[in-house]
Amino acid sequence: MLVLKFGGTSVGKPERMKKIATLVTETPGQKVVVLSALSGTTNALVAIGDLILKNDLDAAEKEIALLEKHYHAFIQELYASENFKTIGQEIVSRFFIFIRLLAAGQFDDKSYRELLAQGELISTELFYQHLMEQKINARLLPALYFMSIDENEEPELEKIAQRLKPLLKSFQNVDIIITQGYICRNHRNEIDNLKRGGSDYTASLMGAAIGAEEIQIWTDIDGMHNNDPRVVKKTIPISELTFDEASELAYFGAKILHPSTIVPAQKYNVPVRLKNTMDEKAPGTIISNKETERVFKAVAAKDGITAIKIKSSRMLMAYGFLRRVFEVFEQFKTPIDMISTSEVAVSLTIDNNAHLDTIVKELTTFGNVEIDRNQTIVCIVGHRIGNQHGILDKIFGCLGDIPIRMVSVGGSYNNISILVDTRYKEKTLIQLNEGIFKLG
Ligand code: ADP
Ligand code: ASP
Ligand code: MG
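Thresholds, definitions, all that
Residues numbered from 1 in each chain as written. Chains lettered and ligands numbered in written order. Predicted model: local features only at pLDDT ≥ 70, side-chain atom pairs only at ≥ 80, totals over all residues. Heavy atoms only, no water. Phe/Tyr/Trp six-rings, centres within 6.5 Å; stacked < 30°, edge-to-face > 60°. Helix = DSSP H or I, 4+ residues; strand = E, 2+ residues; numbered from the N terminus. Buried < 20%, exposed > 50% of the residue type's maximum accessible area, 1.4 Å probe, protein only. Lys NZ or Arg CZ within 6 Å of the ring centre and 35° of its normal. Near = heavy atom within 4 Å. Polar contact = N/O pair within 3.5 Å; in protein donor to acceptor, adjacent residues only side chain to side chain. Areas by Shrake-Rupley, 256 points an atom, 1.4 Å probe, with all protein chains shown as cover. Pairing = 2+ DSSP bridges. Core = buried A, V, L, I, M, F, W, Y, C linked by side-chain atoms within 4.5 Å. Contact = heavy atoms within 4.5 Å.

Colleague: Go over the packing of aromatic side chains, please, and point to the residues and values.
Modeller: When we look at a pair of aromatic rings, we describe it by the centre distance and by the angle of the planes. Under the definition given, this model contains 7 aromatic pairs. Note on tyrosine 71 and phenylalanine 96: the rings are 6.0 Å apart at their centroids and 50° apart in plane angle, and the pair reads as tilted. With tyrosine 71 in helix H4 (residues 57-78) and phenylalanine 96 in helix H5 (residues 82-104), this residue pair connects regions lying 25 residues apart in the sequence. Side by side, tyrosine 71 and phenylalanine 96 carry an identical accessibility label, which is buried. For the pair phenylalanine 107 and tyrosine 112, a centre-to-centre distance of 5.9 Å together with 40° between the ring planes defines the contact as tilted. For the pair phenylalanine 107 and tyrosine 112, one class covers both residues: buried. Above the plane of the ring of tyrosine 251 lies lysine 302, whose end atom (NZ or CZ) is 3.9 Å from the centre. Here the guanidinium or amino end of arginine 384 rests over the ring plane of tyrosine 413, the centre of that ring lying 4.7 Å away.

Structure follows, in structure tokens:
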């Protein structure tokens, strides 16, 4: 079985939704289709949620009305017959009655997450009705029946697999099984989500859970590019990546994939193919355990990083110091990304500042603590890049006068990371593009 995921832009216009219906129908065999919300919807729902939280209900209503109008226009173009236009109108009206009910009620964090879930719930229902209009053998499988996260917000892959088994058995004769990306239930059984961009993760979790032949992520670009196309003008697609390489790129900011997408696929060795809905013929990128020997594959950048330096003479020749430092981060459930040490200081980075003040207070008991905010990790990925002769020369050679705050080499074979002030991110990505990829 294949799992095919279509992102926001792939379903964001009626003609695109029709196009993916054809694409899915023409793909042989039984398949699971994971859909995102229409592009712009989750952003709009976030904005509406924020306005309701601020008790600015008039402004929230304006945004709700605008979004509702967009959906009413959408269904007029999506469906051909009057009968299905009416069905579409009923779906849209029902959703917006519910959104207004949420807005009018006691709006807490739980209602906020329920509001965010409406985007995927409505896109899948509209798509399902489009397939019904075409008399295609399809069914809706609600993600909230099987997708769950535990108290640490980690997906429960085994439980997901167990729940999916009987559900899929009951759909044995169905060609196309449609489900929602992004949404799930949490350990309190409330509606929750897999964080922004989470539909990729849904597809990968499902692919791993059912032992799919392949997970296909269909988006608006022809695969993983060698650099961030939002920042650098000339970028090129990479045809093959290993799970490890793709995982590093996704984690360190390549927006084409949710940061955790590769983890379940790699665990169950299910290849992930990245494809372009706007250009189906383009080869895209295949991610598997097959190694290819190109030294430099791609760079990616992750913003919003804070660097923390702890300087202490107690570190000198002492053991147990780093353990105590790490325990502080563990206590506040704050993951560390990069780390570098000297005899008297340790620098590390975090991407979550929720507990920064308390962490700094605790760390101050060990020594002098310095903070640098607005940092960016630039991650350079390639085949055995970490232990190739002369690689650092090449990288630093093209960075010129860009000040580098930290470097991490040797953590893994396929990744070298550098930390720069975010002001230098664009320059860093451009100079690496010219210097190591020879793309001007
Ligand atoms: P979707 O809505 O289909 O999930 P996203 O917007 O989340 O799509 O991801 C696709 C976008 O990721 C591309 O349009 C591109 O701008 C951005 N992107 C960032 N880095 C990369 C990269 N290295 N390769 C390809 N796309 C990238
Ligand atoms: N709709 C969600 C978002 O915009 C999930 C996704 O598109 O992957 O973040
Ligand atoms: Mg995405």
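Colleague: An account of the site of ligand 1 is needed here, citing residue identities and associated values.
Modeller: Taken together, 16 residues form the shell around ligand 1, and within it Lys5, Thr219, Asp220, His225 and Lys255 come nearest. Contact between ligand 1 and histidine 225: a nitrogen atom at 2.8 Å from a main-chain N or O atom of the residue. Within the backbone of isoleucine 256, an N or O atom sits 3.4 Å from an oxygen atom of ligand 1. Coverage of ligand 1 by the protein amounts to 86% of the 570 Å² it exposes when considered alone.

Colleague: Before we move on, could you go through the pairing of strand E2 (residues 31-35) and cite the residues and values that matter?
Modeller: Within E2, 5 of the 5 residues are buried, which leaves the element mostly enclosed by the surrounding structure. Taking every second residue as pointing to the same face, both faces of E2 are buried, with Lys31, Val33 and Leu35 on one and Val32 and Val34 on the other. Where strand E1 (residues 2-6) meets E2, 5 bridges bridge the pair, whose relative direction is parallel. Opposite leucine 2, over in E2, you have lysine 31 as the bridge partner.

Colleague: Explain the nonpolar core to me, using residue names and the numbers behind them.
Modeller: The biggest cluster of nonpolar side chains holds 107 residues, and the ones touching the most others in it are Phe6, Phe96, Leu126, Phe127, Met224, Leu257 and Ile287. Element by element, the count of residues in this core is highest for helix H6 (residues 109-133), at 10 residues. Leu399, Ile416, Val420 and Leu439 belong to the second largest nonpolar core, which has 20 residues in total.

Colleague: Could you give me a rundown of the environment of leucine 164, with the residues and numbers involved?
Modeller: With respect to the element layout, leucine 164 can be found in helix H7 (residues 157-169). Distance in space between the C-alpha atoms of leucine 164 and methionine 206 is 8.5 Å, their sequence separation being 42 residues. Among residues more than four places away in sequence, those in contact with leucine 164 are Leu141, Phe146, Met206, Ala209 and Ile210.

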